[in-house]
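Residue-level listing of the chains:
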Amino acid sequence: AGTALWLACGARRFAWRDRWQLVSASAAALLALLTLAQYVLAADFGIDNLLLASLPDPGMAAAPAGRMAAATAVGLALSGGALALLNFPRRRTARELAAVLGALIGLAALLGYVYDLRSMHHTWAFSSVSVLTASALLALNLGCLLARPNEGLIATVIGKNAGGVLARRLLPFALLAPIVIGWLRSAGEERQLLSGRFGVAVVTGAYIVLFSVLILRTARSLGRADQQRQAAEQARLAQHAQLTGIIDSAMDAVIMVDSRQRIALFNPAAEVIFGRTAADALGQPLDMLLPASAWAVHAEHIRSFDPRGRASRRMAGARTV
């Protein structure tokens, strides 16, 4: 799975990298699915003894020696599926859903260790999920999400718009604050500092204070950004009004065309010179202002422009008549 992720993160795309990336991801998913099939069918395909033939203490795990836990198999199957879909943009939603679910399985196992939930690790599905396994699942699926930073969830988080700013401000607290507060409550209960309803009240108060501060800080930040946007918009409107005044009062004809060579601006001086109103000229081809004998020459001038809109051989303003 790590090899698949590494191959998918190359700066340049190569056909051989894509093929081996798909093969590696599919192999990881297949191994996990075969393990799940062993649990469901109560079968033994012989894949569990490839790395570990026996356990020092046969009673330390509910599954046979070397067999990954059911939760690990589900997480790895999801990770392999997400990695296999990395090079298929149309399957982005399925890929992100698989990666998020795989990461949540790793996170759930880690929380069991953080809170010392011994009962959780005696559960059949999580019976032998180690800290390293849970950490690897979490890292692998986060890596799968980060492998395509310009798409989906990650593109939203790292975006420069208001949504991206809001996500970067709130996500760290939304992810870490519940873990920290829960751990503090658990530690307080073990030391008999918090108990029963009093502990619930303290945790509730902590959440109220934390999210109130976050909301107020975010609202203030968005308010400042909105003020800056309004100031920039007012400055733009003032510049536009100034430019419009200059164009309207100019003694020379000022004509602007769009990329299709249709008239987008026609000032009063142009109306006088060409004997046409702006309402009649706007949206019409520029050729309407030229004599028929100049159409071919003008078209050649337009074709001589490079893709960035600059004249490569002759100025567009050169006389054609």
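None of these values were measured; they are calculated from a predicted model. (Residues numbered from 1 in each chain as written. Predicted model: local features only at pLDDT ≥ 70, side-chain atom pairs only at ≥ 80, totals over all residues. Heavy atoms only, no water.)

Participant: In this structure, what is going on with the environment of Ala 84? I would like to understand it.
Facilitator: Inspection of the secondary structure puts Ala 84 in helix H3 (residues 70–84). The exposure class assigned to Ala 84 is buried, which follows from its relative accessible area of 13%. Sequence separation between Ala 84 and Asp 18 is 66 residues; the distance between their C-alpha atoms is 9.4 Å. With near-sequence residues (within four places) excluded, Ala 84 lies in contact with Gln 21, Leu 22 and Ala 25. (Helix = DSSP H or I, 4+ residues; strand = E, 2+ residues; numbered from the N terminus. Buried < 20%, exposed > 50% of the residue type's maximum accessible area, 1.4 Å probe, protein only. Contact = heavy atoms within 4.5 Å.)

Participant: Mind showing me how you'd approach the nonpolar core here?
Facilitator: The biggest cluster of nonpolar side chains holds 15 residues, and the ones touching the most others in it are Leu 5, Ala 25, Ala 82, Leu 83, Leu 86, Ala 99 and Cys 144. Broken down by secondary-structure element, the contributors of at least two residues to this core are helix H1 (2–8), H3, helix H4 (92–114) and helix H5 (131–146). If near-sequence neighbours (up to four positions away) are discounted, Leu 5 is found in contact with Leu 83, Leu 86, Leu 140, Gly 143, Cys 144 and Ala 147. Within the second largest apolar cluster, 8 residues are counted, among which are Ile 105, Leu 110, Val 129 and Ala 134. (Core = buried A, V, L, I, M, F, W, Y, C linked by side-chain atoms within 4.5 Å.)

Participant: What am I meant to see in the pattern of salt bridges here?
Facilitator: Side chains bearing opposite charge may pair, as long as their charged atoms lie close to each other. Taken as a whole and judged by the stated rule, the model has 3 salt bridges. For Arg 236, the salt bridge is made with Glu 233, and the minimal N-O distance between the two is 2.8 Å. Of this pair, Arg 236 and Glu 233 both sit in helix H8 (residues 196–249), separated by 3 residues, roughly a single helical turn. Judged by relative accessible area, Glu 233 falls into the partly exposed class, the value being 32%. (Salt bridge = Lys/Arg side-chain N within 4 Å of Asp/Glu carboxyl O.)

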